[in-house]
Amino acid sequence: MTKTTHESTAAWRELLETLGGLDRSFLDGDRHVADDYRMLATTLGVAFDTYLFADPSRPAFVEVNTPFRRDRRWGGDNTDAYYCICPVDAKRRYRISGNRGDSVYFSVTAYNEPSPGAWSDRIVAIVRDDDLDFDAAGNFSFELGPTPDAAMLMTRDCQADPLTGRPVTWRIEALDKPAPLRHLDVETAAALRASAAWLRTMFAIVPLAVGVRVDQAHALGHEIAYAANEFGKPYQVPDANFGWSARDACYAYGSFVLADDEALIVTHRPSACRFWNLVVWNQFMATHCVTDARSSINGHTAVPNADGSVTIVISPGITSHPNSLTTLGYPRGNLAFRWFLADEVPARPQVRLVPVSDAPADVD
């Protein structure tokens, strides 16, 4: 190997070594191998956007999940929502502005970063749409910071219909004098190492287990159930957390294992809330684009039963039920419910496995 004195060269080679070893966790799979390489490419792109190309003194929101982009399917995404990320300096002041569009819920959450590239373990602050004043056109503006321990901002923008709804427009500017530009050896090396750490954290989590119960209480502060064809108990997000969960959300996770002629019948009674949805993930916490398949349903698009409950049919294809979702032929994967600003933690969704021929064709 050619000897180098450049720290950035050493960091680049460490990143390549990290990439070269991350597929060991999934090479015993079949169809999911292709998904994993896509996930590697997607996560590397997000890591570069977050660490290599970002400058907290010259901030910009970058889309990391959208309903439409196939290169932004990762990390528990959501085809009913747009997510942006922006690294920040906890000592700086920022002005965030924009227009609410057709959003039915939006927020900005500030997270800490335990070490460069490590995922957050604590929510520092949150600003929601109901904290803001809007003009007649839906424009808003507010200041944020200094915010002790804040390292990353994430925006959430939930849409009733992502195919037709106008997303929130976001702008951010630093109100303090920017730092000198320093794209030098030591800064580039640090950014590359942070990117590698981000990748290692993602691939320590995925592929998600299916058909077993996984206890991640040490990291998440709760139990996530991935037992086949059932949901774990819904929970409210605490401030001490792991990753990028929302403080004002409740979540419930489950999994599916389906033959070609089987369907899951999911029934739940939504708590009063601003927004809820259910998404179908592959084992890498990724959905398909909203234009590819119907892989999510929300409280605005779901057709309720007469008693107010909601029944959802999940199968390899699309059925005639108005709340039908497809796995696009995947034999196994994961499921995620979200409820934002719920009046109470929802009851556990109920699940039945039936032949597709026995699945209900309409609401009750």
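Residues numbered from 1 in each chain as written. Predicted model: local features only at pLDDT ≥ 70, side-chain atom pairs only at ≥ 80, totals over all residues. Heavy atoms only, no water.

Enquirer: I'd love a proper account of the sheet that holds strand β18 (residues 332–340), names of residues and values included.
Expert: In any sheet, the strands associate via hydrogen bonds between backbone groups, in a parallel or an antiparallel arrangement. Across the sheet, which stays open at both edges, the five strands sit in the order β11-β12-β18-β14-β15 with antiparallel pairing between neighbours. The sheet is open, and its two edges are formed by β11 (235–236) and β15 (296–298), each paired on a single side. Inspection of the sheet shows strand β14 (residues 275–281) paired to β18 by seven bridges, in the antiparallel sense. From the neighbouring strand, Asn277 faces β18, where its bridge partner is Arg338. (Pairing = 2+ DSSP bridges. Helix = DSSP H or I, 4+ residues; strand = E, 2+ residues; numbered from the N terminus.)

Enquirer: How would you sum up the packing of aromatic side chains? Please name residues and give values.
Expert: Following the criterion strictly, the structure yields 25 aromatic pairs and no others. An angle of 85° between the planes, with centres 5.1 Å apart, marks the rings of Tyr111 and Trp244 as edge-to-face. With Tyr111 in strand β4 (residues 103–111) and Trp244 in the loop between β11 and β12 (249–257), this pair connects stretches of sequence that are 133 residues apart. Given a relative accessible area of 12%, Trp244 falls into the buried group. For the pair Trp276 and Phe337, a centre-to-centre distance of 6.1 Å together with 45° between the ring planes defines the contact as tilted. With Trp276 in strand β14 and Phe337 in strand β18, the pair connects residues that are 61 residues apart, well separated along the chain. (Phe/Tyr/Trp six-rings, centres within 6.5 Å; stacked < 30°, edge-to-face > 60°. Buried < 20%, exposed > 50% of the residue type's maximum accessible area, 1.4 Å probe, protein only.)

Enquirer: Hey, could you go over the nonpolar core for me, with residue numbers and the actual values?
Expert: Residues Trp74, Trp198, Val206 and Trp244 are the most contacted members of the largest nonpolar core, which totals 50 residues. No other element matches the nine residues that helix α3 (residues 185–205) contributes to this core. (Core = buried A, V, L, I, M, F, W, Y, C linked by side-chain atoms within 4.5 Å.)

Enquirer: Explain the pattern of salt bridges residue by residue, including any values.
Expert: For the coordinates displayed, the defined rule picks out 21 salt bridges. Between Glu173 and Arg95 there is a salt bridge; the shortest N-O distance is 3.1 Å. Taken as a pair, Glu173 in strand β8 (residues 169–174) and Arg95 in strand β3 (residues 94–99) lie far apart in primary sequence, 78 residues in all. Given the relative accessible area of 28%, Arg95 is considered partly exposed. Notably, a salt bridge pairs Asp239 with Arg247, separated by 2.6 Å at the nearest N-O pair. Through salt bridges with shared partners, a single network forms among Arg100, Arg128, Asp129, Asp130, Asp248 and Arg274. (Salt bridge = Lys/Arg side-chain N within 4 Å of Asp/Glu carboxyl O.)

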